[in-house]
Amino acid sequence: MKLEYNILWFEDDQEQIGPEVDSFRDYLADLGLKLDVEFQPGIDLEKIDDLARKLQVNNKHDLILLDYDLGDENETGDVIAKRLRTKIHTDIVFYSGKELSELRRILYENEVDGVFLASRPSLYDDIVPLLEDHSKKFCSLSTMRGVLLEEFSLIDQQLRKACDTVFQQCTDEERSKVLGKVKEKIKQTIDEMQQFHDDVECPIVALQKYEFVELNQVRIRLRKALPSDHRVADLLKENGPVHRVQMLRNKLAHRIAELKSDGTLSIDGYDSPLDFTKYKEIRKDLLILKTELAPLLQDFAM
């Protein structure tokens, strides 16, 4: 459940493939995915086997790209593919400036199976269909629910920490006023937990208890505590970016999906059908929100 698309790329000339990396990044961004490339300029036989064992235990990569010629001191791409394929089943693309017929011959003679081929001059065009196919595999309701829950839980934690920082910077009078409001909220919502109410000495104690204070209250309190022209306050406003994603997260998390007679999937209270286009928009909104919030919330880091 993620917003990142991870590529393990074996290539000894990263500068040469720079345009392709940028093109892949732009293409995936339009699908609501952030490209993360781990480059490997070359590798020897012993390290290949070690890497294969590690990936068998924990493999975050969605795709592996292998150049044929990685320099005289490194194994060729076909050898790497054959070794990796014994441990993992991630899609592998084997490419070179050689003719595709020559690459097929190399793979056949070395008994390498289950590998896609691409031509170096048309690398982007050859690989994009595979990226599109992979992105569609991320487009299911269960996957989207997982992405929203995971990503928004991180935003939740950041906002609670920011709220704590703002509270610590308040004057004694302001703290007393905020504390009074927190206690009043506790009385209204959890009368039966008298002991908890008596023990509260600072609002962050309540804010850190998810069962006591929902994120919406954290969002409202933090927005009110910030100057009206603060960028974070703008993101936290009613029907603002955080609030919209929060409401979407709640709908997807708690409501039952219904398959319509025309084959579309819908959720009660959500106007648009849930399809590839909608999932793409949701991922893009999440990426934009994370990108905007991250540097701003650094101001509140303790």
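What counts, and where the lines are drawn
Residues numbered from 1 in each chain as written. Predicted model: local features only at pLDDT ≥ 70, side-chain atom pairs only at ≥ 80, totals over all residues. Heavy atoms only, no water. Buried < 20%, exposed > 50% of the residue type's maximum accessible area, 1.4 Å probe, protein only. Helix = DSSP H or I, 4+ residues; strand = E, 2+ residues; numbered from the N terminus. Arc of directions from axis to C-beta. Contact = heavy atoms within 4.5 Å. Pairing = 2+ DSSP bridges. Axes fitted to C-alpha atoms, helices over the stretch in contact; angles between N-to-C directions.

**Student:** So what's going on with helix α4 (residues 100-109)? Which residues, and what values?
**Tutor:** Leu103, Ile106 and Leu107 are the residues of α4 that are buried. Taken end-on, α4 shows its buried residues confined to a sector of 95 degrees, consistent with a single buried face. Along α4, the residues that are exposed and aim more than 90 degrees away from the buried face are Ser101, Tyr108 and Glu109. The inward-facing, buried residues of α4 contact α3 (77-85), β4 (92-96) and β5 (116-119). Following α4 by one or two positions, Glu111 adopts a phi angle in the positive range, close to 55 degrees.

**Student:** Now, about the sheet that holds β5: what can you tell me, with residues and values included?
**Tutor:** Backbone-to-backbone hydrogen bonds join strands into a sheet, with any given pair of strands oriented parallel or antiparallel. Ordered in space as β2-β1-β3-β4-β5, the five strands form an open sheet in which the pairing is parallel. Two strands in the sheet have a free side with no partner beyond their single neighbour: β2 (34-40) and β5. Neighbour to neighbour, the strand axes of the sheet diverge by 25 degrees on average, direction disregarded. With four bridges connecting them, strand β3 (residues 63-67) and β4 associate as parallel partners. From the neighbouring strand, Leu65 faces β4, where its bridge partner is Val93. Contacting β4 and β5, α4 crosses the sheet at an angle of about 145 degrees to β5.

Take it as geometry only, folks, not as evidence of what the structure does.
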